[in-house]
Amino acid sequence: MTARRFFRSFQFAAQGIGNALKREQNIRFHFLAAVIVVLAGWLTGLSYLEWLMVILLIGGMIALEMVNSAIERVVDLATAELHPLAKQAKDMAAGAVLVFAAASAIIGLLIFLPKWF
């Protein structure tokens, strides 16, 4: 792999993030939530380990939401008809996002609530 191809791969990844932000309401919501959490963390004075967890959760949430969106697009590209397996694939991907979001919210509460009360 040449250096040029290597750096172009970052350009493609940035385009993917940009497309997700332009076209996906849920990803915009997660980015907004991330900004709020980072501000709250800064104001709260999180420890180094707590910041590591928050950053991991934010990155994981946004990445999983982008994977969900990619799965939805691939399924839509593969079939225009309403196929039960296509619905299951899309629902499972959305369910994975929901599971991670719920776990992230619980971990966030475990980090922030003791500092606030």
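Residues numbered from 1 in each chain as written. Predicted model: local features only at pLDDT ≥ 70, side-chain atom pairs only at ≥ 80, totals over all residues. Heavy atoms only, no water.

**Quick word on helix α4 (residues 84–116)**
And step 1. Taking 1.5 Å of rise per residue, the 33 residues of α4 would be expected to cover 48 Å, and the 46 Å separating its terminal C-alpha atoms lies within 8% of that figure.
And step 2. The elements touched by buried residues of α4 are α2 (25–44) and α3 (48–78). (Helix = DSSP H or I, 4+ residues; strand = E, 2+ residues; numbered from the N terminus. Expected span 1.5 Å × (residues − 1). Contact = heavy atoms within 4.5 Å.)

**Focus on the environment of isoleucine 62**
And step 1. On the secondary structure map, isoleucine 62 appears in helix α3.
And step 2. Along the sequence, isoleucine 62 and asparagine 19 sit 43 residues apart, while their C-alpha atoms lie 13 Å from each other.
And step 3. Apart from residues lying up to four places away in sequence, isoleucine 62 is in contact with His30 and Phe31.

**With respect to the packing of aromatic side chains**
And step 1. For the coordinates displayed, the defined rule picks out 4 aromatic pairs.
And step 2. Ring geometry for phenylalanine 6 and phenylalanine 10: centres 5.1 Å apart, planes at 80°, overall edge-to-face. With a gap of 4 residues between them, phenylalanine 6 and phenylalanine 10 both fall in helix α1 (residues 3–23), about one helical turn apart.
And step 3. Measuring from ring centre to ring centre gives 6.5 Å for phenylalanine 7 and phenylalanine 10, while their planes differ by 35°; the resulting arrangement is tilted. Of this pair, phenylalanine 7 and phenylalanine 10 both sit in helix α1, 3 residues apart, roughly one helical turn. Each member of the pair, phenylalanine 7 as well as phenylalanine 10, is classed as exposed.
And step 4. Chaining the aromatic ring pairs together yields one cluster made of Phe6, Phe7 and Phe10. (Phe/Tyr/Trp six-rings, centres within 6.5 Å; stacked < 30°, edge-to-face > 60°. Buried < 20%, exposed > 50% of the residue type's maximum accessible area, 1.4 Å probe, protein only.)

**As for the packing of α1 against α2**
And step 1. Following both chains from N to C, one finds α1 and α2 inclined at 100°, their axes separated by 6 Å at the closest point. With respect to α2, the axis of α1 lies roughly perpendicular. Touching Ala20, Leu21, Lys22 and Arg23 of α1 are Gln25, Ile27, Arg28 and Phe31, all from α2.
And step 2. For the contact of α1 with α2, a count of residues per class yields 4 nonpolar, 1 polar and 3 charged. (Axes fitted to C-alpha atoms, helices over the stretch in contact; angles between N-to-C directions. Parallel < 35°, antiparallel > 145°, perpendicular 65-115°, else oblique. Nonpolar A, V, L, I, M, F, W, Y, C, P; charged D, E, K, R; others polar.)

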